[in-house]
Structure formats: structure tokens, C-alpha cells
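Given next are the chains, with one letter for each unit.
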Amino acid sequence: YRFFGEPVVEACVENGASCIDISGEPQFLEGMYLKYNEKAAEKGVYVVGSCGFDSIPADMGVLYTRDKLKGTLTAVESFLSVKSGPEGLGVHDGTWKSAVYGLADEDNLKKLRKQIGYTPVPVVGAKLKKRGFLFYSPEFKEYCITFMGSDGSVVKRTQRYLHSELQQTPVQYGGYVTLGGLGSVIKLMFLGMLFLLLVKFNFGRKLLTKYPKFFSAGYFTEEGPTQKQMDGTSFTMTFLGEGYSEGQDPQKGKPNVKICTEVKGPEPGYIATPIAMVQAALSLLEDAASLPKRGGVYSPGAAFSKTKLIDRLNKRGVEFSVISKPEV
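Residues numbered from 1 in each chain as written. Predicted model: local features only at pLDDT ≥ 70, side-chain atom pairs only at ≥ 80, totals over all residues. Heavy atoms only, no water.

Going by an unreviewed UniProt entry, the protein chain carries the name SCPDL oxidoreductase and comes from Cinclus mexicanus.

Peer 1: Account for the overall build of the protein chain, with residues named and values stated.
Peer 2: Scanning the protein chain from terminus to terminus reveals 13 helices and twelve strands. Here the protein chain has a C-alpha radius of gyration of 20 Å; the compact-globule value for 328 residues is 20 Å, and the two agree. A principal-axis box enclosing the C-alpha atoms of the protein chain has dimensions of 55 × 50 × 40 Å. By residue count, 47% of the 328 residues in the protein chain fall in the buried class. Taking as baseline every contact in the protein chain between residues at least 6 positions apart, the subset at least 24 positions apart corresponds to 81%. Within the structure as shown, the protein chain displays about 16,800 Å² of accessible surface, and the carbon and sulfur contribution to it stands at 57%. The centroid of the 40 positive side-chain charges in the protein chain is displaced by 4 Å from the centroid of its 34 negative side-chain charges. (Helix = DSSP H or I, 4+ residues; strand = E, 2+ residues; numbered from the N terminus. Rg over C-alpha atoms; globule rule 2.2 N^0.38 Å. Buried < 20%, exposed > 50% of the residue type's maximum accessible area, 1.4 Å probe, protein only. Contact = heavy atoms within 4.5 Å. Areas by Shrake-Rupley, 256 points an atom, 1.4 Å probe, with all protein chains shown as cover. Lys, Arg positive; Asp, Glu negative; His and termini not counted. Charge placed at Lys NZ, Arg CZ, Asp CG, Glu CD.)

Peer 1: Can you tell me about the pattern of salt bridges, naming the residues and giving the values?
Peer 2: In this structure the tally under the stated criterion is ten salt bridges. The salt bridge involving Arg294 is made with Glu38; its shortest N-O contact spans 3.4 Å. Separated by 256 residues along the polypeptide, Arg294 in the loop between helix 11 (268-286) and strand 11 (296-298) and Glu38 in helix 2 (residues 26-43) bring together distant segments of the chain. Classification of Arg294 by relative accessible area gives partly exposed; the value is 45%. Taken together, the salt bridges that share partners define one network made up of Glu77, Arg131 and Glu139. (Salt bridge = Lys/Arg side-chain N within 4 Å of Asp/Glu carboxyl O.)

Peer 1: Give me the lowdown on helix 7 (residues 182-198), citing residues and values where you can.
Peer 2: The end-to-end C-alpha distance of helix 7, which contains 17 residues, comes to 24 Å, matching closely the 24 Å that a straight helix rising 1.5 Å per residue would cover. When helix 7 is considered as a whole, its buried residues turn out to be Val185, Leu191, Phe195 and Leu198. Seen from one end, helix 7 has its buried residues packed into an arc of 165°, which puts them on one side. Residues of helix 7 that are exposed and point more than 90 degrees away from the buried face comprise Leu182, Ile186, Phe190, Met193 and Leu197. Buried residues along helix 7 sit in contact with helix 4 (93-104), strand 5 (134-137), strand 6 (142-146), strand 7 (172-180), helix 8 (202-210) and helix 9 (212-215). (Expected span 1.5 Å × (residues − 1). Arc of directions from axis to C-beta.)

Peer 1: Please set out the UniProt feature "transmembrane region" (unreviewed entry) in the protein chain residue by residue, giving values where relevant.
Peer 2: In the numbering used here, UniProt assigns the "transmembrane region" (unreviewed entry) feature to residues 173-199. Between the end C-alpha atoms of residues 173-199 there is a gap of 27 Å, over a span that is 63% helix and 30% strand. (UniProt positions renumbered as here; feature names shortened; annotations may be inferred.)

Peer 1: Can you tell me about helix 8, naming the residues and giving the values?
Peer 2: The periodicity of an α-helix, 3.6 residues per turn, causes residues three or four positions apart to be oriented the same way. The complete set of buried residues in helix 8 reads Gly204, Leu208 and Thr209. One side of helix 8 holds all its buried residues, which, seen down the axis, span an arc of 130°. Counted as exposed and oriented over 90 degrees from the buried face of helix 8: Phe203, Lys206 and Lys210. In this structure, the buried residues of helix 8 make contact with helix 4, helix 7 and helix 9.

Peer 1: Provide a residue-level description of the packing of helix 2 against helix 5 (residues 106-116), including the pertinent values.
Peer 2: For the pair helix 2 and helix 5, the least separation of the axes is 10 Å and the interaxial angle reads 25°. On the basis of their axis angle, the class for helix 2 and helix 5 is roughly parallel. Between helix 2 and helix 5 the crossing geometry is left-handed. From helix 2, Pro26, Gln27, Glu30, Gly31, Tyr33 and Leu34 reach across to helix 5, where they touch Asn108, Leu109, Leu112, Arg113, Gln115 and Ile116. Considering only residue class, the contact of helix 2 with helix 5 consists of six nonpolar, four polar and two charged. (Axes fitted to C-alpha atoms, helices over the stretch in contact; angles between N-to-C directions. Parallel < 35°, antiparallel > 145°, perpendicular 65-115°, else oblique. Left-handed = near helix turned anticlockwise from the far one by under 90°. Nonpolar A, V, L, I, M, F, W, Y, C, P; charged D, E, K, R; others polar.)

Peer 1: Please provide a residue-by-residue account of the environment of Pro86, values included.
Peer 2: Tracing the backbone through its elements, the reader meets Pro86 in the loop between strand 3 (71-83) and strand 4 (91-92). Under the relative-accessibility criterion, Pro86 is labelled exposed at 90%. Counting along the chain gives 143 residues from Pro86 to Gln229, while the straight-line C-alpha distance between them is 8.0 Å.

Peer 1: Give a description of the sheet that holds strand 11 that names residues and reports values.
Peer 2: The strand order across the open sheet formed by three strands is 1-2-11, and the pairing between neighbours is parallel. The open sheet is flanked by strand 1 (19-20) and strand 11, the only strands paired with a single partner. Note: strand 1 against strand 2 (residues 46-48), two bridges, orientation parallel. Bridge pairing in strand 2 places Ile20 opposite Val48. (Pairing = 2+ DSSP bridges.)

In C-alpha cells:
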């Protein structure tokens, strides 16, 4: 999307067509907001980014958790687990390249955000404690790391919009990935350190993009996953939410209610992503009365919070459910 995405957005806005994408690149997503939000609003069209695995499960999952809590949800952590079959996992190297160029260009993302001039999202309720980059989770009995994709930035954009435009209580969010045992951690730390070292230099980036299979221990390939790999893979995203019961003031005292929800589905990149994308497109077409009143460049949660998108996804195999009811 960094190299090829903008002409599509520009053509859609110029010609009065709404458009969705499956980008997981914050710089592209937020750059399109800066450049085309006002133009899209004038034309009455909706440009909705990250309508694939990045970041519909996370963004809509936070909204689902909020709606299932009787009271005020103030903080959520999500934990992504990807399970593979005997053939293992496979991902196309396009995703790998996005990560390489994205990490290499972090400074420009900071500049872009300054240009946009985001208003800070207020913290309501107890401040969500930041976990370390790598930590052991007693809830999952596995080691976890911070999720490096676009989910965090997409959820934040949604919460900012819902707070500023609809006066809804903003929800704090942290996204993580479960890794497994110590062996997985050691392997990841070695590959991660090598990746972070090489991505800083031009020749390093060339090596990373030329030999994705080698530097990712076989996960990322030019061929992408086989059908057997896709058939054997699934994901579960678990949401641990906390907040304040009805009648409790979120500005006073500690959270007194918890909830656990889940989004689960088939292989995330090539099966769940097209399901999410197609259902998002149908929501744009068929739930028009429930979209934001004016056009513009939106995150999925901002565009679809009042639509039937979650119902549509539930019928197509990307399932949202409550695991444990809110407990005071």
C-alpha cells in the first residue's frame, strides 16, 4: 500500500466511489486520512482502511466487548493465538515487506501524526498498565509479546472518533500475541534482533526483502502458504476487559467489573481477511443508513460501529462470543 495504494484512493474519491482496503500499514492509513478525509467528505464517499485481519477482529472486538458489558468499559487487552496444523504456518512475503519498510520509516510516521495534529484521547477509569515487550501471561500460561501490527493505532483512531464525534467513553487498549514456551521465545528473540539490526541499513533491508524465507525461519515465502497450511490454521483473539458497573462513576475508584470475549476464525491472512473485507463492503452498501453521517476516511470501528457487520461476520465463520459474563 505504501507504494501502490494511493492512486486507488485518489481515483475513488475523485470519481465518487467508496473504497475499502486490507492495509495494515499505519503510515499509509493515516496518510490517506490527512490527504483525503475532507475531499471524501465533500464527495460523500467512505474510504475505510484495514478491513482485513488487520484490523477488523481487534477494532470490532473492542466494540463488541464494550456492548456486552453492562456498565462502562474503560480498558481492554487482546491476546492473539494462531494455531497451525501439521504443515505449519505460511505467509506471503508481501506482509514481510510491509513490516520491513514500515519499521524503517518510523520517524516519518511520527512527523505525519504531528501534521495531523491528533487530539489526545482522554484516559477514563484506572490507567491500563503497560506490559513489557515480552512477558509471561498467567492467564494464558504462555509467553507473550506486544502485537507489532496496526491494531493499536487503528483502535486508537476509532476510540478518538467515537469520543469526539459521538461523545462515547473512550476505551484504552493493548494488543498482544501469545508465543508459547521458552523455546519459541529464544527463536523469536534471535530472529527479531537480527531483523531490527538489518532494517536500519539500506543493504540490510535489501537482504531482508530478497531472502524472506531465510530471515523468517521459513514462515514468509514468495509462494505464500499452501492450501494444506491454510486449511490447518486458525486464530483466536481473546479480549480481557474491565470497567465500572452501571451507576458507578468511572472517574472514581477502581474498576469493579470484568468481562472476557473472543473473536475466532479460520486462517487469518487468506481466509478470514477476504471474509472480513467482503462483509465490510456489504455493510457499506446495505447498511448505508447506519454509517457516519458524512463521508470521509475512517477506521473500521468508526465506520461500522452502528452497522450489522458483526452479525454478518458471525454468519460467515468469523465468530464473536462472550466467554465469561461480566463479573462484579
